[in-house]
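Structural features, examined
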Amino acid sequence: EQEQSSIMEKTYNLLIAYLEKRDIKEAITFLEENRIDDLKLLSFYRRTNKIEKSLELVRKLYKQDGNIELLAQIAILEFEVAPNKEEILPMVVKKFEDVLNVLDNHVYQNYLGYILIDYDLDIKRGIELINKALEKAPNNAAYIDSLAWGQYKLNNCESAYKNMQKVINDVGLLDDEIKKHWNKIKECK
């Protein structure tokens, strides 16, 4: 019986991999109908930018097993879908604080750090979090951009300019957020 379920699992995994390559919408439909791998379904929702469905599923999964990693995903998704981001900021910040009490994760450190800076909630704490993230991923352009934005907000123009220059050299000016930051930082005196 155990061998039988192992064969079934392998067959499902092969089928999902095949569907994913052929047509991700088909793979999503298959997983929605059969509910055999909700984490894979969640990743497909994220890849196809189905944010509302992602949020609904990640909340369900978090209720089932309380995985702290999922709480961070909930915070990110709630923030992304919120029509009025200021309104949900306290709730999102609290979730990230809860996650970072347990996990030492650079992605979440940067995400929370950037929110604290961008919304002028606690710029110094935001920079601390981003510096922690940069210890783990020192060349991450998004983290360096976050740091430069925090330095700009504290009127530390020279450091902000140097860091933003690194970001531009690395990834260019295609991203709207980077472009906005660069234009503001260039004017900083």
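What counts, and at which threshold
- Residues numbered from 1 in each chain as written.
- Predicted model: local features only at pLDDT ≥ 70, side-chain atom pairs only at ≥ 80, totals over all residues.
- Heavy atoms only, no water.
- Helix = DSSP H or I, 4+ residues; strand = E, 2+ residues; numbered from the N terminus.
- Expected span 1.5 Å × (residues − 1).
- Contact = heavy atoms within 4.5 Å.
- Polar contact = N/O pair within 3.5 Å; in protein donor to acceptor, adjacent residues only side chain to side chain.
- Salt bridge = Lys/Arg side-chain N within 4 Å of Asp/Glu carboxyl O.
- Buried < 20%, exposed > 50% of the residue type's maximum accessible area, 1.4 Å probe, protein only.
- Phe/Tyr/Trp six-rings, centres within 6.5 Å; stacked < 30°, edge-to-face > 60°.
- Lys NZ or Arg CZ within 6 Å of the ring centre and 35° of its normal.

So, about unusual backbone geometry. Residues other than glycine predominantly adopt negative phi, and peptide bonds predominantly adopt the trans conformation. The phi dihedral of Arg-35 is positive, around 45°, even though this residue is not glycine. The residue Arg-35 is located in the loop between helix H2 (24-34) and helix H3 (38-47) in this model.

Once that is clear, we can look at helix H5 (residues 68-81). In a regular helix each residue adds 1.5 Å, so 14 residues correspond to 20 Å; H5 covers 20 Å between its end C-alpha atoms and thus fits that length. Its buried side turned inward, H5 meets H3, helix H4 (51-65), helix H6 (85-102) and helix H7 (106-118). Here H5 starts with a cap whose side-chain oxygen sits 2.8 Å from the backbone nitrogen of Glu-69, and that cap is Asn-67.

Time to look at the pattern of salt bridges. One pass over the structure, following the stated rule, counts 12 salt bridges. Residue Asp-38 is joined to Lys-60 by a salt bridge in which the shortest nitrogen-to-oxygen separation is 3.1 Å. With Asp-38 in helix H3 and Lys-60 in helix H4, this pair connects stretches of sequence that are 22 residues apart. Residue class for Asp-38 comes out buried when judged on its relative accessible area of 14%. Between Lys-153 and Asp-120 there is a salt bridge; the shortest N-O distance is 2.9 Å. Here Asp-120 lies in the loop between H7 and helix H8 (123-136) and Lys-153 lies in helix H9 (residues 141-153), a separation of 33 residues in the sequence. What emerges from the salt-bridge pattern is a single network uniting Arg-35, Asp-38 and Lys-60.

Per the counting criterion, the structure on display carries six aromatic pairs. Ring centres of Phe-96 and Tyr-108 lie 6.3 Å apart, and the angle between their planes is 45°; on these two criteria the pair is classed as tilted. In this pair, Phe-96 is assigned in helix H6 and Tyr-108 in helix H7, connecting sequence segments 12 residues apart. Exposure remark for Tyr-108: the relative accessible area of 3% places this residue in the buried category. A connected cluster of aromatic rings, assembled from ring pairs, spans Phe-79, Phe-96, Tyr-108, Tyr-111 and Tyr-119. The ring of Phe-79 carries the charged tip of Lys-85 above its face, separated from the ring centre by 5.1 Å.

None of this, on its own, says anything about what the molecule does.
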